[in-house]
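These are the residues of each chain, in order.
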Amino acid sequence: MTGSPYTIKAGSTILIIEDDIAFAELTSGTLQEHGFKAIGATSGQEAMELLSATIPSLIILDYSLPDMTGIAILEQIADRGLSVPFIMVTGRDDALLAVQMMKTGACDYLLKDTSFLDRLPAAVLRTLHDAETRERLLRAEESLRQSETRLARAQKIARMGSWEWNPLTGETYWSDELYRIFGFTPGEPHQVEMEWFINLINEADRPAFKKAITNAARQCQSFSLIYRIKSCNGDELVVNSQAEVECDSEGRAQLVSGTTLDITARIRAENEIQQLINYDTLTSLPNRTLLNDRLRHAIAQALRDRQMVGVLFLDLDRFKGINETLGHRAGDKLLKTIAKRLKACVRETDTLARIGGDEFAVVLMGVSNEEVITAITKKILGLISEPICINGHEIYTTGSIGIAVYPMDGEDGPTLLKHADQAMYQAKERDGNNFQFFSSEMNIKVLERMMLENSMRKALEREDLFLLYQPQVDTRTGEITGLEALLRWRHPDMGVIVPDKFIYLAEETGLIIPIGEWVLRTACFQAKAWQQQGFPPMRMAVNLSAKQFAQKDLSGTIAAILLESGLDPDWLELEITESTIMKDPDSNTRMLQKLKDMGISLAIDDFGTGYSSLSYLKHFPINRLKIDRMFVRDIAINPDDAAIVEIIISMAHTLKLSVTAEGVETRPLMEFLASRNCVEMQGYLFSRPVTAEEITTILENGLKY
Ligand SMILES: Nc1nc2c(ncn2[C@@H]2O[C@@H]3COP(=O)(O)O[C@H]4[C@@H](O)[C@H](n5cnc6c(=O)[nH]c(N)nc65)O[C@@H]4COP(=O)(O)O[C@H]3[C@H]2O)c(=O)[nH]1
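Not measured: the values here are computed from a predicted model. (Residues numbered from 1 in each chain as written. Predicted model: local features only at pLDDT ≥ 70, side-chain atom pairs only at ≥ 80, totals over all residues. Heavy atoms only, no water.)

Looking at the state of the cysteines
Evaluation of the coordinates by the stated rule reveals one disulfide. For Cys220, the disulfide goes to Cys247, at an S-S distance of 2.0 Å. Taken together, the residues Cys220 in the loop between helix H8 (206-219) and strand S8 (223-230) and Cys247 in strand S9 (residues 236-247) connect sequence positions 27 residues apart. Overall, Cys247 belongs to the partly exposed group, its relative accessible area being 35%. (Disulfide = S-S within 2.5 Å. Helix = DSSP H or I, 4+ residues; strand = E, 2+ residues; numbered from the N terminus. Buried < 20%, exposed > 50% of the residue type's maximum accessible area, 1.4 Å probe, protein only.)

Take a look at the structure:
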């Protein structure tokens, strides 16, 4: 085998199928000399039996055998699924036969002539070599096919297609998956043109794609680009194309190839997450997180353009009441309607956000003066106050708006929002449906308020609160029939503070609940103490604020205090202002009834100021009206007030209610009231509010006036 250009594995088995035994032996001998192993069969039948046990590397087949032709043997071999290369041998020099034999798949064709044995080794080697090459090729093709299948499967799973584009010829190739991603049938359209493809891309993203593909073709620049594209069925897809460029030695692009990944689902999920992070689910408006971000940008922009930014903080007036009476669904509808209306008031570039239950914020960009802000604010208030029809109800709501302006009222978002919020509170205090620009005085007021709130929290613990008592007098006998407990706060720095200066704050912060409980307990214990000291029993009148009155377990708290102190409920009177009752007359009437059923008496304080209708008054389970001291004060100078007081007195008598006049400072006032049948009075004429010790002295010595 020396000198052979082929490297065939030594010892390859060759099957010689030949009925001429002498010729077969010659052939076998020659092959063995060349290092092959030869086995032989003298008939077709024998050959097939041999092939059942051994599969040779090559068959040398005599064309004409006694039992069957060479062709018939080949057919039987093929039927068994075997693929063995073979060389056909024949005694006839017949060109036609040669062609026929090659057609059957013979690798070579040898004539049994004198040069047969010389030509045999080379023919065998060549055939074996070709067979091996073919085998290797088949294996490589199979492996390629497998990896292509794997790639296609992976692409399908990843929704990723691959593509090639020849920038010189314009020829384009798309993988099957790419066709599928874009909604086409693989291979259809057959000719994919770059221009045609670019037209499928969303118009907004087209320039970026054109730029990327041009840079790839001209400057061999690879790219990664996310863009939107209209698929064959009209759906918009979001895809990410990544491309590499093959260049020649002179840097000219030869081939741009890449992958395209369908990221529509991912982008949709990302968008949904962004939506949840940045937007309010009810109104779809930006939430506080996005507002802060937008505000930061607005400030940066305003700084560059030397302009102002207006920050509006809007709170709906009485939203809580609407929510509670009509239900949360109606409340939601109301908020959605308001959001829609607000949107109509601001420009695309402005930001409208919902930052709390009924709180909205507006960031007005690039504002040149405050008049613009005022105009928009007025427009907003106007639109909000228009009636809204929800579930057949016509709802009227209004808003309070606080405004802070960059750069005057703050240089960063949180400060501006905080100041707008403070200004909003001012607007609300002025009865709502109002707007208010922030001012630095406001800030000082807020600071003072904060300090007051802090020290009020400590007041209870440090026992800085105390009660004064003011007698209520029966002017016919001069006897004290009742005492009103009035709260005072001994502030460590500010001295004694009267309730008008801090009760509102206690209400807002909720501190009124523990403070109110303390007042009730102290007053009840004191009343009981005087009784135990042997003084004739007197009513103890205690003021209740709106928040206390709204407490569900108010009656329980009072019952516990009465039990603790041992005071009979008959001697406790609760004073509730007319406006507190009128906030929710129906449910408050129920609470009043509950308290009355406990034996407690009830008085309407500041009567005449709260616009309660007579029909309601008739139904309130109350015992007493207290005429507001404002009317009493002006009786002498204002005939109208005198008339009002007279009406209140006669109304009280008609309804069989007791009546007490407050703020009686002079004898003529007392006489006027007495002449109008108001016998019970309270005021400086009889006594200022004084300490418990002073009351004890008065009780011991009698009241002098
Ligand atoms: N000019 C004038 N004023 C007179 C005269 N006689 C009494 N007054 C004042 O009139 C107020 C009467 O109390 P009110 O109408 O219940 O009005 C009370 C009451 O609404 C509220 N308040 C007082 N103590 C409490 C409390 O313990 N709880 C609650 N929730 N509110 C309280 O604070 C308000 C103010 O209380 P005060 O400052 O103690 O003011 C008291 C009293 O000092 C008079 O002849 N002339």
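A few points about the packing of helix H12 (residues 328-345) against helix H13 (residues 370-384)
Interhelical geometry of H12 versus H13 gives an angle of 150° and a closest axis separation of 10 Å. It follows from the interaxial angle that H12 and H13 lie roughly antiparallel. Every pair of crossing elements has a handedness; the one defined by H12 and H13 is right-handed. When H12 is examined against H13, the residues Ile338, Arg341, Leu342, Ala344 and Cys345 are found in contact with a partner set consisting of Ile376, Lys379, Ile380, Leu383 and Ile384. Tallied by class, residues from the contact of H12 with H13 come to eight nonpolar, no polar and two charged. (Axes fitted to C-alpha atoms, helices over the stretch in contact; angles between N-to-C directions. Parallel < 35°, antiparallel > 145°, perpendicular 65-115°, else oblique. Left-handed = near helix turned anticlockwise from the far one by under 90°. Contact = heavy atoms within 4.5 Å. Nonpolar A, V, L, I, M, F, W, Y, C, P; charged D, E, K, R; others polar.)

Observations concerning the pairing of strand S18 (residues 465-474)
Among the ten residues of S18, ten are classified as buried, and the element is accordingly described as predominantly covered. Residue alternation in S18 divides its side chains into two sets, Leu465, Leu467, Tyr469, Pro471 and Val473 and Phe466, Leu468, Gln470, Gln472 and Asp474, and both sets are buried. Bridge count between S18 and strand S19 (residues 479-491): ten bridges; the pairing is antiparallel. Bridging across to S19, Tyr469 finds its partner in Ala485. Following S18, the chain reverses through four residues before pairing antiparallel with S19; Gly478 in that reversal takes a positive phi of roughly 80°. Here two bridges tie S18 to strand S26 (residues 680-681), and the two strands are oriented antiparallel to one another. Its bridge partner being in S26, Asp474 is matched across the sheet by Glu680. (Pairing = 2+ DSSP bridges.)

Some points on the site of the ligand
Taken together, 23 residues sit near the ligand, with Glu484, Asp605, Arg629, Glu665 and Tyr684 positioned nearest. Between the ligand and the protein, one listed contact pairs an oxygen atom with a side-chain N or O atom of Arg488 at 2.9 Å. Contact with the protein chains covers 87% of the free accessible surface of the ligand, which is 790 Å². Breaking the shell around the ligand down by element, the ones donating at least two residues are S19 and strand S23 (601-607). A per-element tally of the shell around the ligand places S19 first, with four residues. Looking at the shell around the ligand residue by residue, the classes come out as eight nonpolar, six polar and nine charged. (Near = heavy atom within 4 Å. Polar contact = N/O pair within 3.5 Å; in protein donor to acceptor, adjacent residues only side chain to side chain. Areas by Shrake-Rupley, 256 points an atom, 1.4 Å probe, with all protein chains shown as cover.)

Regarding the nonpolar core
Grouped together as the largest cluster of nonpolar side chains are 79 residues, with contacts concentrated most on Trp530, Leu572, Leu574, Leu625, Val664 and Leu673. In contact with Trp530, not counting residues within four places along its chain, are Tyr469, Leu483, Phe535, Met538, Met540, Ala692, Ile695, Thr696 and Leu699. Counting residues in each nonpolar core, the second largest holds 31 residues, with Met308, Leu316, Leu342 and Val367 among its members. (Core = buried A, V, L, I, M, F, W, Y, C linked by side-chain atoms within 4.5 Å.)

A closer look at the pattern of salt bridges
When charged atoms on two side chains of opposite charge get close, those side chains can pair. Under the counting rule described, the total for this entry stands at 31 salt bridges. The salt bridge involving Glu132 is made with Arg136; its shortest N-O contact spans 3.3 Å. Of this pair, Glu132 and Arg136 both sit in helix H5 (residues 116-158), four residues apart, which is roughly one turn of the helix. For Arg136, a relative accessible area of 52% corresponds to the exposed category. A salt bridge links Glu680 to Arg539; the nearest nitrogen and oxygen atoms lie 2.6 Å apart. Here Glu680, found in strand S26, pairs with Arg539, found in strand S21 (residues 539-544); they are 141 residues apart in sequence, far enough to count as distant. Of the residues examined, Glu680 reaches a relative accessible area of 9% and is grouped as buried. What emerges from the salt-bridge pattern is a single network uniting Glu484, Glu575, Lys626 and Glu662. (Salt bridge = Lys/Arg side-chain N within 4 Å of Asp/Glu carboxyl O.)

So, the sheet that holds strand S5 (residues 108-111)
Taken in spatial order, the five strands make up an open sheet running S2-S1-S3-S4-S5, and their pairing is parallel. Of all strands in the sheet, those with a lone pairing partner are strand S2 (37-41) and S5, marking the two edges. Shown here is a sheet whose adjacent strand axes are inclined to one another by a mean of 20°, direction ignored. With four bridges connecting them, strand S3 (residues 58-62) and strand S4 (residues 86-90) associate as parallel partners. When the bridges of S4 are listed, Leu61 appears paired with Met88. Where helix H3 (residues 70-79) meets the sheet, its contacts fall on strand S1 (13-17), S3 and S4, and the angle it forms with S3 comes to roughly 150°. Where H5 meets the sheet, it contacts S1, S3, S4 and S5, and its direction lies at approximately 175° from that of S5.

A few points about helix H14 (residues 413-429)
Under the 1.5 Å per step criterion, the end-to-end length of H14 is 24 Å for 17 residues, consistent within 8% with the ideal 24 Å. Here H14 has its buried residues at Gly413, Leu416, Leu417, His419, Ala420, Gln422, Ala423, Met424, Gln426 and Ala427. Where H14 ends, the next residue or the one after it, Asp431, has phi of about 75°, a positive value. (Expected span 1.5 Å × (residues − 1).)

Examining the UniProt feature "modified residue: 4-aspartylphosphate" (unreviewed entry) in the protein chain
UniProt records the feature "modified residue: 4-aspartylphosphate" (unreviewed entry) for Asp62 in the present numbering. Its location among the elements puts Asp62 in strand S3. In contact with Asp62, not counting residues within four places along its chain, are Ile17, Glu18, Asp19, Gly70, Val89 and Lys112. (UniProt positions renumbered as here; feature names shortened; annotations may be inferred.)

Quick notes on unusual backbone geometry
Backbone torsion omega between Glu188 and Pro189 reads 5°, so that peptide bond is classified as cis. Among the secondary structure elements, Pro189 is positioned in the loop between helix H6 (176-181) and helix H7 (194-200). Cis geometry is found at the peptide bond from Tyr406 to Pro407, where omega equals 5°. Within the element layout of this structure, Pro407 appears in the loop between strand S16 (398-406) and H14. The backbone phi angle of Asp606 is positive, close to 50°, even though this residue is not glycine. Among the residues examined, Asp606 registers a relative accessible area of 23% and is labelled partly exposed. Here Asn677, not a glycine, exhibits a phi torsion of approximately 75°, which is positive. Accessibility expressed as a relative area gives 52% for Asn677, which makes it exposed.

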